Amino acid sequence: MRKPLVAGNWKMNKNHADAKALLQALVDRSSEIPSGVDVMVAPPSLYLSEMAAHANDAVAIGSQDVSTQEEDGAFTGEFSAVMLQSAGVRYAIVGHSERREYHGETDEEIREKIAACVAAGIRPVYCCGEKLEERESGQHVSVVSHQVKTALEGFSASELKDLVVAYEPVWAIGTGKTASSEQAQEMHAEIRNVLGELFNSDFANSIRILYGGSAKPANAAELFAQPDVDGGLIGGASLKADDFLKVVEAAG
Ligand code: PEP
């Protein structure tokens, strides 16, 4: 049985005091988190160590990114998966569409980031998803299958035992347009098929596949009720404790 995960991506939001207050609200209200749901939040990297020190068992801390480099060295501005691990961070979002678009991240780099996470014992939350024109031209399934294969081919199933996949249609991120529950289920089932082809069906059935893209209290329950949707990666609705906890409750 897969345990749902609801992950909040705070992106480049919240000054220091507001970030501390949001985490504190989640910690104070962690009795509202159903015991069958894992929760993670990914604050701006500047605050990660401090947030990890103030989190509790119910709220894990994740990073929004990680370096491709496994060893320390002259990589100004970067931080490694080993550093995240040493600072109490448990997950790293890898290959978010905003990193792909604004920082030119390639599938190859994303693969290296996953490898760095695997080596350091950080759970990678690997993001994939098609652009609007790819969906409109009917290429969405082949585009996402190709992304997943490129990122994951060559790893062993045991190396990827802590992998989380997030299906995030680019046209739904931050736009208020959510994929319908049928569109989400179709793609999640396809991603699970690809995982089965690359590894085996036990592995495919053990991996959590999150939906991301304008998920919020009003639509979370319907999305999470789909058989292959195992929780969500939440942007805008993770910035207020009330909204985020409602989404978390919908996964329970
Ligand atoms: C995201 O950035 O991962 C995301 C899903 O954002 P939003 O929920 O705001 O669409």
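Look up: the structure comes first, before these words.
Along every chain, residues carry numbers that run from 1 in the direction the sequence is written. Since the coordinates come from a predicted model, pLDDT governs what is reported: local features require at least 70, and pairs of side-chain atoms require 80 or more to be given and counted, while whole-chain, interface and lining totals use all residues. The basis for every side-chain value is the complete set of heavy atoms in the structure, and neither hydrogens nor water enter the calculation.

**Q** Is there a simple way to explain the overall build of the protein in this structure?
**A** A run of DSSP states H or I qualifies as a helix once it reaches four residues; a run of E qualifies as a strand once it reaches two. Both are numbered from the N-terminal end. Along the backbone of the protein there are 11 helices and eight strands. Taken over the C-alpha trace, the protein has a radius of gyration of 17 Å; the compact-globule value for 252 residues is 18 Å, and the two agree within 12%. Taking the principal axes of its C-alpha atoms as reference, the protein extends roughly 45 × 45 × 35 Å. Buried residues are those whose accessible area, probed at 1.4 Å on protein chains only, stays under 20% of the maximum for their type, while exposed residues exceed 50% and partly exposed ones sit between those limits. The burial tally for the protein puts 52% of its 252 residues in the buried class. For this analysis, residues touch if any pair of their heavy atoms sits within 4.5 Å. For the protein, the proportion of contacts with a sequence separation of at least 24, taken over those separated by at least 6, is 73%. In this tally, Asp and Glu contribute negative charge and Lys and Arg positive charge; neither His nor the terminal groups of the chain are included. The location of each charge is read from NZ of Lys, CZ of Arg, CG of Asp or CD of Glu. Side-chain charges in the protein split into 22 positive and 37 negative, and the spacing between the mean points of these groups amounts to 4 Å. For this measure, only C-alpha atoms enter the radius of gyration; the expected value for a globule follows 2.2 Å times N^0.38, where N is the number of residues.

**Q** Hey, could you run me through a negative patch on the surface in this one?
**A** Negative charge collects at one region of the surface, where E70, E71, D72, E108, E109 and E112 lie side by side. In this structure, E70 sits in the loop between β3 (60-63) and α3 (81-86). Each patch is built from salt-bridge-free residues with over 30% relative accessible area, joining like charges within 9 Å and nonpolar side chains (Val, Leu, Ile, Met, Phe, Trp, Tyr) within 5 Å. To measure how exposed things are, a 1.4 Å probe is used in the Shrake-Rupley method; for residues, cover is taken only from the protein chains shown. One side-chain nitrogen of Lys or Arg within 4 Å of one carboxyl oxygen of Asp or Glu is enough to make a salt bridge.

**Q** Even after reading the chapter, I still don't get the site of the ligand, so can you show me in this structure?
**A** The environment of the ligand is formed by 14 residues, the closest being K11, H96, E168, G174 and S214. Between an oxygen atom of the ligand and a main-chain N or O atom of G235, the distance comes to 2.8 Å. A distance of 2.8 Å is found between an oxygen atom of the ligand and a backbone nitrogen or oxygen belonging to G236. Contact with the protein chains removes 95% of the 290 Å² of surface that the ligand exposes when unbound. Residue classes in the shell around the ligand are distributed as four nonpolar, eight polar and two charged. Note on terminology: near, applied to a residue and a molecule or strand, indicates that one of the residue's heavy atoms is within 4 Å of it. Any pair of N or O atoms that falls within 3.5 Å is considered a polar contact. Within protein, one atom must be able to donate a hydrogen and the other to accept it, and sequence-neighbouring residues count only if both atoms are side-chain atoms. Classes in brief: Ala, Val, Leu, Ile, Met, Phe, Trp, Tyr, Cys and Pro nonpolar; Asp, Glu, Lys and Arg charged; the others, Gly included, polar.

**Q** How should I be thinking about the sheet that holds strand β8 (residues 231-234) in this particular structure?
**A** Hydrogen bonds between backbone groups are what pair the strands of a sheet, and the pairing can be parallel or antiparallel. One requirement defines pairing of two strands: DSSP has to find at least two bridges between them. Read around the closed barrel, eight strands run β1-β2-β3-β4-β5-β6-β7-β8, paired in parallel fashion. Within the sheet, the average angular offset between the axes of one strand and its neighbour, ignoring direction, is 25°. Here strand β2 (residues 38-42) pairs with β3 via two bridges, running parallel. When the sheet's bridge partners are listed, V41 is paired in β3 with I61. For helices, the fitted axis covers only the stretch in contact; all axes are lines through C-alpha atoms, and the angles between them, taken along N-to-C directions, range from 0 to 180 degrees. Together, β5 (123-128) and β6 (164-167) form the strand contacts of helix α7 (residues 140-152), whose direction differs from that of β5 by roughly 150°. Contacts from helix α11 (residues 241-250) reach β1 (5-9), β2 and β8 within the one sheet, and its direction differs from that of β1 by about 160°.

From the geometry alone we can't say anything about function, so treat these as descriptive.
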